[in-house]
Each structure stands twice: as structure tokens, then as C-alpha cells.
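Structure at a glance
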Amino acid sequence: MYNLSERLQSRFYKSGDKTDVLDRMERSYMNYVVVNQAFQAEADLDTRFYAGDQTLWFEIYGNSPYWGQKRYYFNIIKPAVELVTGFQRQHKKSLSCSALSKKADVAAQQLSKSLIWSFENAGGHEVISKAFDGACIQGLSFIDIDVSYENDPVNGDIILSNVPYNYYWIDPFYKNFDMSDAESVWRRQALTKGQVKRMFNYQRCEEIDNLQPVYQKDGKFIFMPENYYMRDIGLYTVDEYYYKSSRQAKFIVDAKTGQTKEWTSSNQEALGDLLGLYPELDIVDMDIPTVVYNIVVNGVVFYSGPHPTGLDCYPMTPCYGFYNPELTNFALRHQGLVRGMRDSQFLYNRVLINTADQIESQVNSGWKYKENAVVNIEDLKKGGNGINVKVAKNANMSDAEKIQPTPPNPGLAGLQNELKNLVYQTGLVNQELMGMAKDDIPGILAMVRQGAGLTMLQRLFDQLDSTQKLVGEKMLSCLQNNWKIGKYQDVVAEEIDPMIQNKTFTKFNIVVDEVAYTDSQKRLQFQQLVQLGQLGVPVPSKLYIENSPLIDKKQLVDAVAEQEMIAQRETQVQQQLQTQRQMIENENLMAEAKSKQSLAAERLNKVTLDTALSAERITQAQANKTKANLDLVETALRLQSLDLSNLKELLSVLETIKTKIEPEQDLGVEKINQQLSNVVSQVPGLAQGQQQQGAL
């Protein structure tokens, strides 16, 4: 059975030792306050430079000679920073899961859909962009992951938020990019009573009502806006404190294969049944690193235990500008784009102010004249064209002269341009990126310069990709820790692969990666289909339309369906015509074949008759030959009475007659056989039969 109270205890019910938590927080404050406030002071100056604060000149440059004078601020830093952050907003990326093996394809697709839905539902793209803004301005900001049970009290919904520089303290001695080696992180918020109650899902209302509803100003987090201009407005101090610790875990180990998996259930009977069914399994108890989550409201510990996400790491992911952990000064380790542009921005404004002062202090118009040289002095005070000035009778014309304006120093204009370019150079932004390049620059040269400018900023975008991937991995673990199968089914709308909740499976078979940003899963699907179509994969038009971002697709679907129906009918008609044409051709061929067979049969009959006639003639010839032989014998007998001298002549005559008759008989038989072969060759069936008969 599902125990909702047990599910919600990670946030709504307190545990742990209050004194231990408060003591840890106080020690962290004493150890980290100096370095964190030094960084926050520099970050505050960076933010004010970016915003164009005109009151900061004397705080940084105290010996400025412009006390009491007008202070102008021509902000060049802001457009330079907005160029970089705007580029990021134009090239947003989304999260997805890729399978390392074919057996993980289904689970990877379903996790991708769930991850994209959660990221979109939490406003992840705007949170990422805000964190990147903070990294470019101050050098460091955080992306926090939390779980809200307002709309889903069973599974919860993931919440993403950006934590600016002035709302957190961190262990200044950490070095790892993912902040996994930091000893502790302290985040503070100033919330109203209703927000605090909603934070605990209205499970601790009575205890919250008993707290003093006054914002506790304890001297910590002095750069929070709530510390200024606010008096007794009923805010509560909410501190979220994380520190590294360990927890006991049970691991199921397969002695044969060496595979391990953590047993997260509290059902001991089920564990015993599993060990009984599989004797080769063993249980190993060990301590693993984790993070303890604490909530303190107005100095009262409300909770100490695991984080609602179920993560064993910090739910806060850092987003960096320029991070150099080897520096001894923590304030210099984290820098944004603004830090290098501050001095050049100040000098640029100072030159502009000096130029304006010089122009205003010079006498650029008016008259100079001798006493009593002008009759009406008021004429000299009049401006405009066509004024007449009357001079005294005894005065010379040179006694009153027009003052010619002094032209501005051309060197100041060149200095202003140099300082303006220096602002961009110190901010790693060139004119091509700002769209300020000269038109006479060749296009190839402009592209090279633009590429060089983007190369200088590549570190920022690579670090942002790494940050977003870390956020995706934590969100994936959070989904597996909190979501049930029903939640996956509601989001994915298909049968769920049971391996989707197996952490070991996702650890080794699925990786979280980034894809081009689209504002929905269907847009991403449509973009991927278009890419496949461009690669030559035959994608049906129906899939394009179903996954297209069109708002009203019914009209297009109906039109395409009608066109497909018409095309299908035309295809059927063409197929019918083709079938009929083929049938007619087959009938013509069969008729022609039958005609040829009839002709062959007729010729065969004629050949048979000719054969019979030839046989008759051969028989007649043989009879004639026999008769001739008898006649020869008879003649020979008759010749016995003849003279022997005439016998040799008689035999020669007989031999001549014989040689003349036999070739004529052989020629007749050969001619008949040739005619028979010609007829048989024209009909394949008859030819095969003739061959078989010949073989016999």
C-alpha cells in the first residue's frame, strides 16, 4: 500500500538534532563569511556597472576630481554582455537520453519524453538563461532543483530556480566543477508567511504561526535586497543548509557475476524472499556519501534529513563564468565579462565628461569691445542672423570684434573611440559580433573576425553545456526516485518499459545529452524527421504533418488526405488500364501462337504426306531396282550363250546403269528429311518431341 505520510516526511516533518544543525551553520559562517562577502562585494560592483549605476564612481575611484559635478554614465558594458547572453538565448539546447545499446532504446525514448516534459514544465530554458546571465555578469550563479507536491501529492513535480550570487554562501575551498567536494552550501530566502506554509505544503501551519513574523537581520547575507529599504514587512528568514555526510546502504551483490544494486525498499520480508529464491545473492552493508538537507525558519530548525529529490549530491548546480580555482583570492576565482570592462568603462565616461566640461568652459560666442565703443550694448546680447551693431563716432571698427568659437580638440574624439573599442576588447567582444564592423571590410575577413570572437567566448558556452548536462542527470535521478509508473504513463502516453526505473540500467545503458532546443516534444520530433528526410530516409508525409508545429492542422490533413485519395484512385485506374492492356497483349500473343501452331501442324501434315509419297516412291524404286537386278540376272543367263569377248563390255554397261540409279534415290531421301526438319524447328513443342523420338 502507498503511504503518503511516509512519502512527504522528507520535507514536512522534522528530524535530527536541532543543536547540531545550528552549530554547524555557525561554524560555517565563521569559516566562510570573509571570503564569501569579498566575492559578493566584487559581484555587487559588477552588477552595478552592468546596470549603469551613476553613484559608484567615488566608491571605486575615491580620488576622482569630480566631486559635486554632474555625473554622466554612457553604458557600453550592457550591450556587450547582452550580445553574449542573447547569442545563448538564440541557441538554446534541450535535454534528452541516448541509448548505448539496442535493448535500452525504448527506455531511453520514454525517459527522454519524461525529461523534456519536466524540463519544460519547470521553465528550465529560462532558468538556464538567467543562470548564464549571472555567470556572464558576476562570474557564478546556481541552478537549484526541488520538488513541489502542490499539484501532485504522490509523485511531485520538479522545480528549477536560479540562485543569484547574493543568496548563497559556499565552501570557498572546493575545486571540482560539479562542486562535489564542497563541505557545505548555505542558501537564504526571505519569504512571507504564506510562502513558508506553501513551502511545507501546509503541513506545519501551527508551528509557523507561532514564529515571530519579523525578518531577522542577523548581519549575514548583507548583499541581499531584503536587507535594504524594508522595515517590518512580515518576512521570514528561511535558511536551507546542506552539508556533506554519509548514510548506510544495503547492496545486493551477485557472487557469480559481480553485479551490484542498492536495495532502497524498507520491506525486509521482500528482501528475505529474494535471497531465498536466489541463494547466489548476498547483502553488503556500507556507508556511502550523501548530503544532509536542513531547513531553518527564523532560527528554528524545521527539518534535517534527506532532500525531497532523493539525491545524494547537492541539488544546486553551479554555472560558471571564468573559474580559476588555483587563485588564492576567492573573489578573483569567479569572474564574469564585466570584471575586465570596468576600468575601460570608467575611463571612457571620464573622457566624455572632460570633453563636455572643456566645451562648456570655453567662450565660444559673443563680442569683445572697448568701453563706449558701442552705442547700445544690448545689441551685442541679441542672437541670430542679421543683427546690426551701432558703434560710436570716435571708435574704430576694430574696437568691437566677434569672438570666433574654438573648435574641439580632434584628439579627444580619437581617444573616445579608442576607449570604446577597449571596452569591447576587455570584454572579449569584437565589432563584428556587435554588428559595428565597417562596410568596406571584405565578407571573408568579417567572418574570420566573428569566428575569432566566438572562439574567445567558447569557454563560457562549453561550461554552460556541462552545467546543463549535470542538471539533466540530477533531474533524471529525481524522476526515478519520485515518479511511479502511472506518472510516466500520463506523460509518455504509452506502455512503459519496466527498466525505466532501474537506476543501474540507466547508469550503464543510458546517457543524458543535449539536442537543439524546441518548445515541445513534437517540435523536436518534427525537427528530427526533417533531418532524416534530408538524409534521404523516406518519411511519409503523414508523419511530417502529425508532428509539425502548425496550430490548425485539420485543414491540411483533410487536403492531403483528399489528394492522396485522388492519387490512389488515379493509380487504381492506371493499374486497371495496365491490367487490361496486358490481358489484350497476352490474348494477341496466344492467338498468334495458336496461329503459328496451326500453320506448323499444316506444314507437318504436308511433310507427312510428302514423306509417305517419298516412301512410296522409294518402295517403287526398290521394286524397280529388284526388277532390274532380275533382268540383269536374266540377261546374264542369256549372255552365257554369247561370246565371252562381249561379256566384259556388258558388265561395264550394267555398272554404269547402277551408279546412275543409286545417287538419285539418296538425293530424294535427303530432300525429304530437310523439309521435315524445317517444319519441326518452327514449333518448339514438336521439335522437343522429335528430339525425344530421335533419341529413342
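This section reports on the structure supplied with the text.

What counts and how
- Residues numbered from 1 in each chain as written.
- Predicted model: local features only at pLDDT ≥ 70, side-chain atom pairs only at ≥ 80, totals over all residues.
- Heavy atoms only, no water.
- Helix = DSSP H or I, 4+ residues; strand = E, 2+ residues; numbered from the N terminus.
- Buried < 20%, exposed > 50% of the residue type's maximum accessible area, 1.4 Å probe, protein only.
- Contact = heavy atoms within 4.5 Å.
- Phe/Tyr/Trp six-rings, centres within 6.5 Å; stacked < 30°, edge-to-face > 60°.
- Core = buried A, V, L, I, M, F, W, Y, C linked by side-chain atoms within 4.5 Å.
- Pairing = 2+ DSSP bridges.
- Axes fitted to C-alpha atoms, helices over the stretch in contact; angles between N-to-C directions.

**Some thoughts on the overall build of the chain**
What the chain contains, in helices and strands, is 23 helices and 15 strands. Taken across its 696 residues, the chain has 37% of its residues classed as buried. For the chain, restricting intrachain contacts to residue pairs at least 6 apart in sequence, the fraction spanning at least 24 positions comes to 72%.

**Digging into the packing of aromatic side chains**
Considering all chains together, one arrives at 19 aromatic pairs under this definition. Consider the rings of W169 and W186, whose centres lie 5.7 Å apart with planes at 80°: the pair is edge-to-face. With W169 in strand β4 (residues 168-170) and W186 in strand β5 (residues 184-191), this pair connects stretches of sequence that are 17 residues apart. Judged on exposure class, the residue W169 and its partner W186 are both buried. On the basis of an interplanar angle of 20° and a centroid distance of 4.7 Å, the ring pair of Y320 and Y323 is categorised as stacked. Both residues of the pair, Y320 and Y323, belong to the buried class.

**Topic: the nonpolar core**
Counting 107 residues, the largest nonpolar core has V81, L160, F200, V297, L337 and M475 as the members making the most contacts within it. In contact with V297, other than residues within four places in its own chain, are V196, F200, L211, Y236, T237, V238 and F302.

**Some remarks on the pairing of strand β6 (residues 236-254)**
As paired elements, β5 and β6 share eight bridges and run antiparallel to each other. Note on β6: the bridge partner recorded for V185 is Y242. Bridge count between β6 and strand β8 (residues 281-297): 17 bridges; the pairing is antiparallel. Its bridge partner being in β8, V253 is matched across the sheet by D282.

**Quick word on the sheet that holds strand β10 (residues 316-320)**
Strand order across the open sheet formed by three strands is β3-β2-β10, with antiparallel pairing between neighbours. The outermost strands of the open sheet, each flanked by one partner alone, are β3 (157-163) and β10. Strand-to-strand twist of the sheet, defined as the mean angle between neighbouring strand axes without regard to direction, takes the value 25°.

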